[in-house]
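# Inside the fold
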Amino acid sequence: MMIRILILLLFAMLVVLQYRLWVGEGSLAELHLLKQDIAQQKDELQQMRRRNQALQAEVDDLKKGLEAIEERARNDLGMIREGEIFYQIIEPQQGKP
């Protein structure tokens, strides 16, 4: 009789431990989700690092040379140099003669 109670007690402990392993706090499922979150955050971090490197390169170009500033002024502000001729081509809209 005592052995039967001991076996039931050990079986109950096994069930409780298995529950915690698979479903409870710190379970394998939670560990898997955390690993997925870490992988996603590493990808985002890598993208942000690449973006920061591109921005830093642009800042360095703007600090070092006038060519980058001139290119930016031409593209963003429509700057033309003295003596240059500006041609604006307007294409006809579709449906209108």
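Residues numbered from 1 in each chain as written. Predicted model: local features only at pLDDT ≥ 70, side-chain atom pairs only at ≥ 80, totals over all residues. Heavy atoms only, no water.

## Re the overall build of the protein chain
Scanning the protein chain from terminus to terminus reveals 3 helices and 0 strands. Helices and strands appear in the protein chain in the N-to-C order α-α-α. What you see for the protein chain is a C-alpha radius of gyration of 34 Å, clearly larger than the 13 Å of a compact globule of 97 residues, by over 25%. For the protein chain, the spread of C-alpha atoms along the three principal axes comes to 110 × 50 × 10 Å. Counting across all 97 residues of the protein chain, residues that qualify as buried make up 3%. Summing over all exposed atoms, the protein chain offers an accessible surface of approximately 9,900 Å²; the carbon and sulfur share of this is 60%. Side chains of the protein chain give 13 positive and 15 negative charges; the mean places of these two sets differ by 11 Å. (Helix = DSSP H or I, 4+ residues; strand = E, 2+ residues; numbered from the N terminus. Rg over C-alpha atoms; globule rule 2.2 N^0.38 Å. Buried < 20%, exposed > 50% of the residue type's maximum accessible area, 1.4 Å probe, protein only. Areas by Shrake-Rupley, 256 points an atom, 1.4 Å probe, with all protein chains shown as cover. Lys, Arg positive; Asp, Glu negative; His and termini not counted. Charge placed at Lys NZ, Arg CZ, Asp CG, Glu CD.)

## What to know about the environment of methionine 79
As for its placement among the helices and strands, methionine 79 is situated in the segment after helix 3 (66-77). With sequence-adjacent residues up to four places away left out, methionine 79 is seen in contact with Glu70, Ala73 and Arg74. (Contact = heavy atoms within 4.5 Å.)

## Overview of the pattern of salt bridges
The final tally for this structure, using the stated rule, is 3 salt bridges. One salt bridge in this structure joins glutamate 70 and arginine 74, with 3.1 Å as the shortest N-O distance. In this pair, glutamate 70 and arginine 74 are both assigned in helix 3, 4 residues apart and thus about one turn of the helix distant. Residue arginine 74 is classed as partly exposed on the basis of its relative accessible area of 28%. In this structure, arginine 74 and glutamate 84 form a salt bridge, with 3.0 Å as the shortest nitrogen-oxygen distance. Here the residue arginine 74 occupies a position in helix 3, and glutamate 84 occupies one in the segment after helix 3, the gap between them amounting to 10 residues. Since its relative accessible area comes to 35%, glutamate 84 is described here as partly exposed. In the salt-bridge network here, residues are joined through shared partners; they are Glu70, Arg74, Arg81 and Glu84. (Salt bridge = Lys/Arg side-chain N within 4 Å of Asp/Glu carboxyl O.)

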